[in-house]
Amino acid sequence: AKSLGGNRFQPFEPSFQEKIQLRMTIERHLRKAVEREGFSLHYQPQIDTLEGRIVGFECLIRWNNPELGRVSPATFIPIAEETGLIYGIGEWALREGCRQNKKWQDEDLIRVPVAVNLSPSQFYDQKLKERIESVLAETGLDAQYLVLEITEGMTMHVQGAIAALKDLKALGVSIAIDDFGIGYSALSYLKEFPIDKLKIDQSFVRGMKDHPINASIIHSIQSMASCLGLEVITEGVETEEQVSMLGELGCRMMQGYLFGYPIEAAQVPGLARNYGRT
Ligand code: C2E
Ligand code: CA
Ligand code: CA
Ligand code: CA
């Protein structure tokens, strides 16, 4: 929202026509980018704060278009989802993350899982298991080094979601619930669904200082997860103060700008060496 002076705020609102126009432009460029594999993956470290070492990387897609510039995944993934382009993009991201991780292992650089984000259409795809199986076979990555990140909303109210998750897990991959806590989280959900990790949504970390309720929520998620034997990763950690508050709440695994921004694959060796020394 832009301030127009005083205490009146006039949000910038593109017209309906302008929005449609922009979407169509993005869609057109996105289609070309899929053909040319015009994307890249960035990798953000996940840290065990007790041992000070990297325990995984989240793969985050990047799109730098000559005409549009850098377009955030928060903008283009929903468009890809609506237009069906997500299948090609999602499979590219999956293959690239696995290929890169296998390469790091072959180079003896680091042996940790990579987490790939799945969008709803990918998760509902009947062929998902086969696709993952063939990507693992093609890249040679052992399934234990792949985590699939899905959101709660994707599994709620979906017939057969539990069976689909069991089916995926049979491959040997792990399942993480992304943005946990902002959906319909319930103990019964966690008990019934065959998942391995919870990623506590960034909003709780951000709100921790000003609103103690956020710390209470993080604490309950953490204890609930521990009881059920689930691993927890707290997202969006930006300050040392947050690290110590989270430590007191029982959180150990963290991800956020404080530990590392999402970086290109070429920068990972330097980062890995840095963490190796601590
Ligand atoms: P997400 O999966 O919740 O990813 C975390 C987002 O938070 C990323 O934004 C990451 O760069 C950002 N982040 C990490 N640490 C911090 C921090 O300390 N502070 C703040 N403020 N932000 C932090 P990004 O890369 O822009 O991605 C946005 C969303 O786009 C992702 O949210 C995910 O939903 C989606 N996305 C990204 N890559 C893919 C992909 O390959 N496939 C699919 N389906 N979705 C993707
Ligand atoms: Ca994610
Ligand atoms: Ca998240
Ligand atoms: Ca998200």
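The rules behind each value
- Residues numbered from 1 in each chain as written.
- Chains lettered and ligands numbered in written order.
- Predicted model: local features only at pLDDT ≥ 70, side-chain atom pairs only at ≥ 80, totals over all residues.
- Heavy atoms only, no water.
- Near = heavy atom within 4 Å.
- Polar contact = N/O pair within 3.5 Å; in protein donor to acceptor, adjacent residues only side chain to side chain.
- Areas by Shrake-Rupley, 256 points an atom, 1.4 Å probe, with all protein chains shown as cover.
- Helix = DSSP H or I, 4+ residues; strand = E, 2+ residues; numbered from the N terminus.
- Nonpolar A, V, L, I, M, F, W, Y, C, P; charged D, E, K, R; others polar.
- Donors = N, O, S within 2.8 Å, 3.2 Å for Na, K, Ca; no water.
- Buried < 20%, exposed > 50% of the residue type's maximum accessible area, 1.4 Å probe, protein only.
- Core = buried A, V, L, I, M, F, W, Y, C linked by side-chain atoms within 4.5 Å.
- Contact = heavy atoms within 4.5 Å.

Asker: Looking at this structure, I do not really get the site of ligand 1. What am I missing?
Answerer: In the vicinity of ligand 1, 21 residues are found, and the nearest of them are Q44, R62, Q202, E238 and Y257. A distance of 2.9 Å separates a nitrogen atom of ligand 1 from a polar atom in the side chain of Q44. Here an oxygen atom of ligand 1 sits 3.1 Å away from a polar atom, N or O, in the side chain of N117. Relative to its free-state accessible area of 800 Å², ligand 1 is covered by the protein chains to the extent of 81%. Going through the elements one at a time, β4 (53-65), α2 (73-83) and β8 (174-180) are the ones with two or more residues in the shell around ligand 1. With four residues, β4 is the single largest residue contributor to the shell around ligand 1. Considered class by class, the residues forming the shell around ligand 1 number nine nonpolar, six polar and six charged.

Asker: So what exactly am I meant to see when it comes to the coordination of the calcium ion (ligand 2) here?
Answerer: Distances from the calcium ion (ligand 2) to its protein donors, E58 (OE), N117 (OD1), E149 (OE) and D178 (OD), fall within 2.1 to 2.3 Å. Counting gaps between the donor residues of the calcium ion (ligand 2) yields the pattern E-x58-N-x31-E-x28-D. Distance-wise, the calcium ion (ligand 3) is placed 4.1 Å from the calcium ion (ligand 2), both being coordinated by D178. A residue pair is termed long-range when its members are at least 10 positions apart, and E58 in strand β4 and N117 in strand β6 (residues 114-117) qualify at 59 residues. Residue E58 is classed as buried on the basis of its relative accessible area, which comes to 4%. The class of N117 is partly exposed, set by a relative accessible area of 29%.

Asker: Help me out: how do you make sense of the nonpolar core in this one?
Answerer: One recurring pattern in soluble globular proteins is that nonpolar side chains are buried together. Ranked by size, the top nonpolar core spans 78 residues in total, and within it F57, I132 and L146 carry the most contacts. No other element matches the seven residues that helix α3 (residues 86-106) contributes to this core.

Asker: Sorry, what's going on with the side chain of T234 here?
Answerer: Take T234: it is sitting in strand β10 (residues 231-234). For T234, a relative accessible area of 0% puts it in the buried group. In this structure, T234 is in contact with I200, V205, L246, C251, M253, M254 and Q255, ignoring residues within four places of it in sequence.

Keep in mind that these numbers describe shape and distance, not what the molecule does.
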